[in-house]
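Coordinate analysis (summary)
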There are 4 protein chains.
Amino acid sequence: MKVYEVRQFGIENLVLVERAEPQLKANEVVVKFHAASLNYRDLMFEKGVYNPKARLPAVPFSDGSGEVVAVGADVKKWNVGDRVCTIFTQGWLEGSLSIEKRRTTLGAGDLDGVLREYGTFDENGLIEVPGHLSFEEAATLPCAAVTAWNALVVSGNLKAGDTVLTLGTGGVSIFALQFAKMHGARVIVTSSSDQKLTKAKDLGADEIINYKKILDWDNAVLRLTNRIGVDHVVEVGGAGTLSKSLNAVRIGGHVAVIGVLAGAGGFDPRGVLMKAVRMQGILVGSRLMFEKMNNAIECNRLKPVIDKMFAFNEVSEALRYMESGSHFGKIVVSL
Amino acid sequence: MKVYEVRQFGIENLVLVERAEPQLKANEVVVKFHAASLNYRDLMFEKGVYNPKARLPAVPFSDGSGEVVAVGADVKKWNVGDRVCTIFTQGWLEGSLSIEKRRTTLGAGDLDGVLREYGTFDENGLIEVPGHLSFEEAATLPCAAVTAWNALVVSGNLKAGDTVLTLGTGGVSIFALQFAKMHGARVIVTSSSDQKLTKAKDLGADEIINYKKILDWDNAVLRLTNRIGVDHVVEVGGAGTLSKSLNAVRIGGHVAVIGVLAGAGGFDPRGVLMKAVRMQGILVGSRLMFEKMNNAIECNRLKPVIDKMFAFNEVSEALRYMESGSHFGKIVVSL
Amino acid sequence: MKVYEVRQFGIENLVLVERAEPQLKANEVVVKFHAASLNYRDLMFEKGVYNPKARLPAVPFSDGSGEVVAVGADVKKWNVGDRVCTIFTQGWLEGSLSIEKRRTTLGAGDLDGVLREYGTFDENGLIEVPGHLSFEEAATLPCAAVTAWNALVVSGNLKAGDTVLTLGTGGVSIFALQFAKMHGARVIVTSSSDQKLTKAKDLGADEIINYKKILDWDNAVLRLTNRIGVDHVVEVGGAGTLSKSLNAVRIGGHVAVIGVLAGAGGFDPRGVLMKAVRMQGILVGSRLMFEKMNNAIECNRLKPVIDKMFAFNEVSEALRYMESGSHFGKIVVSL
Amino acid sequence: MKVYEVRQFGIENLVLVERAEPQLKANEVVVKFHAASLNYRDLMFEKGVYNPKARLPAVPFSDGSGEVVAVGADVKKWNVGDRVCTIFTQGWLEGSLSIEKRRTTLGAGDLDGVLREYGTFDENGLIEVPGHLSFEEAATLPCAAVTAWNALVVSGNLKAGDTVLTLGTGGVSIFALQFAKMHGARVIVTSSSDQKLTKAKDLGADEIINYKKILDWDNAVLRLTNRIGVDHVVEVGGAGTLSKSLNAVRIGGHVAVIGVLAGAGGFDPRGVLMKAVRMQGILVGSRLMFEKMNNAIECNRLKPVIDKMFAFNEVSEALRYMESGSHFGKIVVSL
């Protein structure tokens, strides 16, 4: 089967190779992949900055969708022909995360990812694709959507009438916007592009802020919330935006810490203290969260936002497009 | 001022009288009432079966809306002209209920209710009317809407994709339907009337069951949920429906126990045990719940469903209409 | 190997037979049993009233302890010689219960129980015995202790200073007393025997009530709590005691519904409503709860209370002793 | 009455003056103070670094105890002679904190503190002293004890068997040690003094680490927890210790951010992300938390640890003693 491998770190070092067909154990399932989606983590992995000690070669990308083409003798969950997605953290079925579970993520050195024709997975490592979604749409879910769901619905315990602040228009932020609107919340979106902000409005955003034009966007958020601040921040910016996010959140509010986009750097923890803020680190989520999210997606006929699609042999172009930062929602590769 | 009083129990014993103008303390507010809504409790109170030991005469009805016409010297929350609703349990501002707080409900013997021209309240005993609602619409909120919000959003921790079962089409059940849809949930509605079920569909109900035609409606619910059962039951029927509700809920599910409509009677607690069900008694809710609910109502432009309106001098007709059980949503009296 | 089998229902129909050695799969472990403990469920199962449709013959008893004598090729958790307990619900590892998980309990018709010389289990179906406990002590934990832990610590979210009411002195109630004291709570114990109440005092009970002498023990509980009521009831009596328990609990309090001892019967659900009570059905608990409970047992050097020990060939006497109701804590069979 | 006032910032600028007797409103209570305790915040306030914009003169110190000597006409909670403590945040009765509530703390510029002979408070701004505590012991509770309770019991949801890390031996850390042991948890204490660590052992600490001798105390904590990390960190060190605390906590663990002792500085938020940590800022707590804590203190006969007592005219010495950092537990001034 055809597989993309990261043979040495440094972007552009993705190599298309032939590998032997996967072996099948009694509780395993073979998936023929049809689509994969990109996350910022994939870009960092290619560059060698995500996990510099990862063993190579490694198959990259965590988010794949496809159909079941073979099932092991003891498999109960799946039949040939079923449409499935991969679970980001294969060993995290439910409950809380642990060291052992965290070592089972796809596509960044723990376990081989999905940028390949076929893959073999434990039957619990897959989840059913909602009926109204294409393979391309389903491939957007495993990392970004589950992260947004965990951040707002599980950790954030989001309710109708809450106010949510999302930063930028990457995959997690757009899913966060969609899930927040699905729960009847009010959403404030920031971006550096008026065009993207208009798109966010179309998806239901209640308020928009162009942070290139309004540099003190945190104060703009306070003005939009009677100077109280928002209930939730979906914080994907890291050290670069966290101080402003802490200014924009209400006393006793919730900051879901997700991204590492804005790179390293420090911030003063007294912001957390003086507003009695809850900061919760979010590492994607469990199979059970994915399952409940899919119920919600199906029940509300939610459609993921795909910005652009690439062919299998355009993976490098897809990564460069992500690097440019010009996307709105998800970037998908058809396999 | 003109006041309706319950002088002795027995329906029809509502008497319209003149009372002296209320006195005003430093932290109090005088409200001129414009509308009031009926709850089943009001009917039971008139008949003397809600609280047979209540001191009479008493001003009935708990749910009123109107405008502020005078404020005490220390009042900070309100100005003359503000549009306000009464809080059902005047002393329950936030946190959990207590014996002391429970003794401060309006309109059933604790504190005088709202069926009068003017009323005097502690400034914390009122809440702002959402801007897009009329006085009549706002008068529907204090008991039924807060109860439904507490049942599903606070106690039930409702999430998009959850399945909710509501029984009948009274005020609480219709608000529960609306709040459940507002949070992206799936809703199954039962009623004895196809016409009401059609109206429920128009409000967003995903599934409808006519329990006069389908006597084992609990099994119908199981069939609609892959034999798993629903996540939440908004149980307004009491002993008359509880055993079926326990059959219709999933293992580990949530039954919000609200109503006393179906009268006394027992049920076997082993239903609770064998499905590890959580049964939560719901006694309306706190001022804080009301406030958060109003945020949600405002944010989502929700409109309460008023079935029928009556004039001040038609209160008895309004009660008889409620007794007939033919309403869908709320019954309102214009004052 | 030697096995006790229930061949037909009706107490006394336990038969000691020889069965073939168990087969071993890659993820399985063979345990040589050293001790088993009795639960009321075992008595009901023998009599055919627990699950009258269970397939026979079946090996009874859910709670066993022993040592690992063989491990399958893929087993990572265990080595030969490890001291282990069985998990009551083999398939409930963490998170919430489901229909599928509930079908995996030991010793009552789902899966063979522990009243045998050797047993084969999935590696996740076992848990390590705390170092300071004997096999006999460890055998008391899987059902009664995990039930009490789930009731008070997981469902009840017990805190120091809370007041807990336990009914009687069976296995669950005594563990509940011990766990409540371990968390700094105040405990009120009821029993029909002054002698048992004295023993409960020795274990830390703060207040004792002989319900044979004080028939309105619910009012006695109210008197001991400034007429507020207790925060938690560990309700093992079922319909026979539930109405009194609802009288004894505070507004907004928590009733963990566990037992079926007092047989069928109904109760009026308005008690739940009018005090805004939370009633939670408790079906033992997950592997993760067991693990956390064992941490607590080990950290606090807690010793389970064993009332009486029986030899392998005295199983019928042990069951009759349980039936007599004269025990305080757990009854254990040495294998 | 005699009052200590901060007239201008800079330690040593406490001045003893005479002020007029306080006025009494209908819902107010006059307290004659018997004792006050010091918190690090008081030291910072004197120096002008806590709230440089506070209006002066101001009466410092938040934590006082005394007896009721007069009650307003409408006061229901108190009688003359009752023994009471002040609430740190006078307006935070229950529920969550808000901007308005946060502006009602004692002794740092919002409201006058307790370093005076008499004080007038709203009846809800006081709480009953547990019966077994002296005034000196009770004066230790309002800030440090409630903070520790909020951190571990409310925010941390502490359970028996959890592992807790406390830093140093100041007031909050010693209460955290005591509350953790009260709940059956395992506690690891750090300090720079072997003598203090021995005292911590006497109070029940399970493990001790001298961080002057073991500079990588975070790794020492990992070694003591099978390299898993602790469940809770009571983080009083701020930027100076937070990175190490994040190394010492388990995946999905809880860091209660309390102190500002170690001054300003930044830390890399990726530590929060990569371990899915929950960081919760703790600003003392509500009246309701204080009430529940007092139940626990009374039920478990807990005695606060007083390091040293000073007379009214030795307040400056008391502050200097706190500044020296040589205390273990609380410093108290007798009034």
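Residues numbered from 1 in each chain as written. Chains lettered and ligands numbered in written order. Predicted model: local features only at pLDDT ≥ 70, side-chain atom pairs only at ≥ 80, totals over all residues. Heavy atoms only, no water.

As for the relation of the copies chain B and chain A
Note on the chain copies: they are related by a rotation about an axis and a translation along it. Structural alignment of chain B on chain A gives an RMSD of 0.0 Å, achieved by rotating through 180° and translating 0.0 Å along the axis. On the angle and the small slide along the axis, the relation comes out as a two-fold axis. For chain B, the minimum C-alpha distance to the rotation axis belongs to His-183 of chain B and amounts to 2.0 Å. The share of interface residues of chain B whose copies in chain A are also at the interface is 100%, consistent with both copies meeting through the same surface. (Least-squares fit on C-alpha atoms with pLDDT ≥ 70 in both. Contact = heavy atoms within 4.5 Å.)

Considerations on the packing of aromatic side chains
Tallied over the full model, the rule gives 24 aromatic pairs over all chains. Their ring planes at 20° and their centres at 6.0 Å tell us that Phe-175 of chain A and Phe-179 of chain A sit as a pair that is stacked. A residue pair is termed a helical-turn pair when its members lie 3 or 4 positions apart in one helix, as Phe-175 of chain A and Phe-179 of chain A do in helix α5 (residues 171-182) at four residues. Accessibility classification places Phe-175 of chain A together with Phe-179 of chain A in one group, the buried group. With 5.5 Å between their ring centres and 80° between their planes, Phe-9 of chain D and Phe-45 of chain D make a pair best called edge-to-face. Of this pair, Phe-9 of chain D sits in the loop between β1 (2-6) and β2 (14-18) while Phe-45 of chain D sits in helix α1 (residues 40-47), and the two are 36 residues apart along the sequence. (Phe/Tyr/Trp six-rings, centres within 6.5 Å; stacked < 30°, edge-to-face > 60°. Helix = DSSP H or I, 4+ residues; strand = E, 2+ residues; numbered from the N terminus. Buried < 20%, exposed > 50% of the residue type's maximum accessible area, 1.4 Å probe, protein only.)

What about the relation of the copies chain C and chain B?
With an RMSD of 0.0 Å, the operation that places chain C on chain B is a rotation of 180° combined with a shift of 0.0 Å along the axis. A symmetric contact is evident, with 100% of the interface residues of chain C recurring at the interface of chain B.

Topic: the side chain of Thr-104 of chain D
All names here are of chain D. The residue Thr-104 is located in the loop between α2 (99-102) and β6 (118-122) in this model. By relative accessible area, which is 18% here, Thr-104 ends up buried. Within the local environment of Thr-104, its side chain forms a polar contact with the backbone nitrogen of Gly-91, the two atoms lying 2.8 Å apart. Excluding its chain neighbours within four sequence positions, the residues that come into contact with Thr-104 are Phe-88, Thr-89, Gln-90, Gly-91, Trp-92, Asp-110 and Leu-111. (Polar contact = N/O pair within 3.5 Å; in protein donor to acceptor, adjacent residues only side chain to side chain.)

Considerations on the interface of chain B and chain A
Taken residue by residue, the interface counts 17 residues in chain B and 17 residues in chain A. When chain B packs against chain A, the two sides together hide about 1200 Å² of surface, and 53% of this comes from carbon and sulfur. The largest share of the area that chain B buries against chain A comes from Lys-159, Ala-160 and Cys-299 of chain B, three residues that together contribute 35% of it. On the surface where chain B and chain A come into contact, there are zero salt bridges. When residues in the side of chain B that touches chain A are grouped by element, the largest group, four residues, is from helix α10 (residues 287-299) of chain B. Across the side of chain B that touches chain A, the residue classes break down as eight nonpolar, six polar and three charged. (Buried area = accessible area lost by both parts, 1.4 Å probe. Salt bridge = Lys/Arg side-chain N within 4 Å of Asp/Glu carboxyl O. Nonpolar A, V, L, I, M, F, W, Y, C, P; charged D, E, K, R; others polar.)

Thoughts on the pairing of strand β14 (residues 306-311) of chain B
Bridge analysis of β14 of chain B against strand β15 (residues 330-334) of chain B gives five bridges, and the strand direction is parallel. Looking across to β15 of chain B, one finds that Lys-308 of chain B is bridged to Ile-331 of chain B. (Pairing = 2+ DSSP bridges.)

Thoughts on the interface of chain C and chain B
Contacts between chain C and chain B engage 34 residues on the former and 34 residues on the latter. Buried surface at the junction of chain C and chain B, summed over both partners, amounts to about 2700 Å²; 69% is from carbon and sulfur atoms. Three residues stand out in chain C for area buried against chain B, namely Ile-251, Pro-269 and Leu-273 of chain C, and they jointly supply 23% of the buried area on that side. Summed over the shared surface of chain C and chain B, the number is zero salt bridges. The tally of links between chain C and chain B comes to eight residue pairs in polar contact (both at pLDDT 80 or more).

Things to note about the pattern of salt bridges
Counting across every chain of the model gives 48 salt bridges over all chains. For the salt bridge of Asp-194 of chain B with Lys-213 of chain B, the shortest nitrogen-to-oxygen distance reads 2.3 Å. Here Asp-194 of chain B is found in helix α6 (residues 194-202), whereas its partner Lys-213 of chain B is found in the loop between β10 (207-210) and α7 (217-224), with 19 residues between them in sequence. What makes Lys-213 of chain B exposed here is its relative accessible area of 58%. Salt-bridge contacts for Arg-287 of chain B lead to Glu-291 of chain B; the nearest nitrogen and oxygen are separated by 3.0 Å. Residue Arg-287 of chain B and its partner Glu-291 of chain B are both found in helix α10; the two are separated by four residues, about one turn of the helix. Of the residues examined, Arg-287 of chain B reaches a relative accessible area of 9% and is grouped as buried. If you follow the salt bridges from partner to partner, you end up with Glu-5, Arg-7, Arg-19 and Asp-112 of chain A in one network.

Examining unusual backbone geometry
Here the amide bond leading from Leu-56 of chain B into Pro-57 of chain B is cis, since omega sits at -5°, within 30 degrees of zero. One can find Pro-57 of chain B in the loop between α1 (40-47) and β4 (63-71). A positive phi angle is found at Val-284 of chain A, which is not glycine, with a value near 55°. Along the polypeptide, Val-284 of chain A turns up in the loop between β13 (278-281) and α10 (287-299). On the basis of relative accessible area, Val-284 of chain A is assigned to the buried category, the value being 8%.

Quick word on the packing of helix α4 (residues 141-155) of chain C against helix α10 (residues 287-299) of chain C
Residues and elements named next belong to chain C. Close contact between α4 and α10 brings their axes to 10 Å; oriented N to C, the two are set at 90°. Considering their axes alone, α4 and α10 lie roughly perpendicular with respect to each other. The segment α4 lies against α10, with Leu-141, Pro-142, Ala-145, Val-146, Trp-149, Asn-150 and Val-154 engaging Met-289, Phe-290, Lys-292, Met-293, Asn-294, Ala-296 and Ile-297. In terms of residue class, the contact of α4 with α10 is made up of eleven nonpolar, two polar and one charged. (Axes fitted to C-alpha atoms, helices over the stretch in contact; angles between N-to-C directions. Parallel < 35°, antiparallel > 145°, perpendicular 65-115°, else oblique.)

Considering the side chain of Ser-37 of chain A
Residues and elements named next belong to chain A. Structurally, Ser-37 can be placed in strand β3 (residues 28-37). A relative accessible area of 0% means that Ser-37 is categorised as buried. For Ser-37, the side chain forms a polar contact with the main-chain oxygen of Ala-139, separated by 2.8 Å. A distance of 3.2 Å separates a polar atom in the side chain of Ser-37 from a polar atom in the side chain of Lys-330. Discounting chain neighbours no more than four positions away, the residues touching Ser-37 are Asp-42, Phe-61, Asp-63, Ala-139, Thr-140, Lys-330, Ile-331 and Val-332.

As for the sheet that holds strand β12 (residues 249-257) of chain A
Overall, mixed pairing links the twelve strands, which are arranged β10(A)-β9(A)-β8(A)-β11(A)-β12(A)-β13(A)-β13(D)-β12(D)-β11(D)-β8(D)-β9(D)-β10(D) in an open sheet. Because the sheet does not close on itself, it has two edges, and the strands there are β10 (207-210) of chain A together with β10 (207-210) of chain D. In this sheet, neighbouring strand axes are inclined to one another by 15° on average, regardless of whether the strands run parallel or antiparallel. Pairing between strand β8 (residues 163-167) of chain D and strand β11 (residues 230-235) of chain D: three bridges, direction parallel. In the sheet register, Leu-165 of chain D faces β11 of chain D, and the bridge partner there is Val-233 of chain D.

In short, geometric facts, not functional conclusions.
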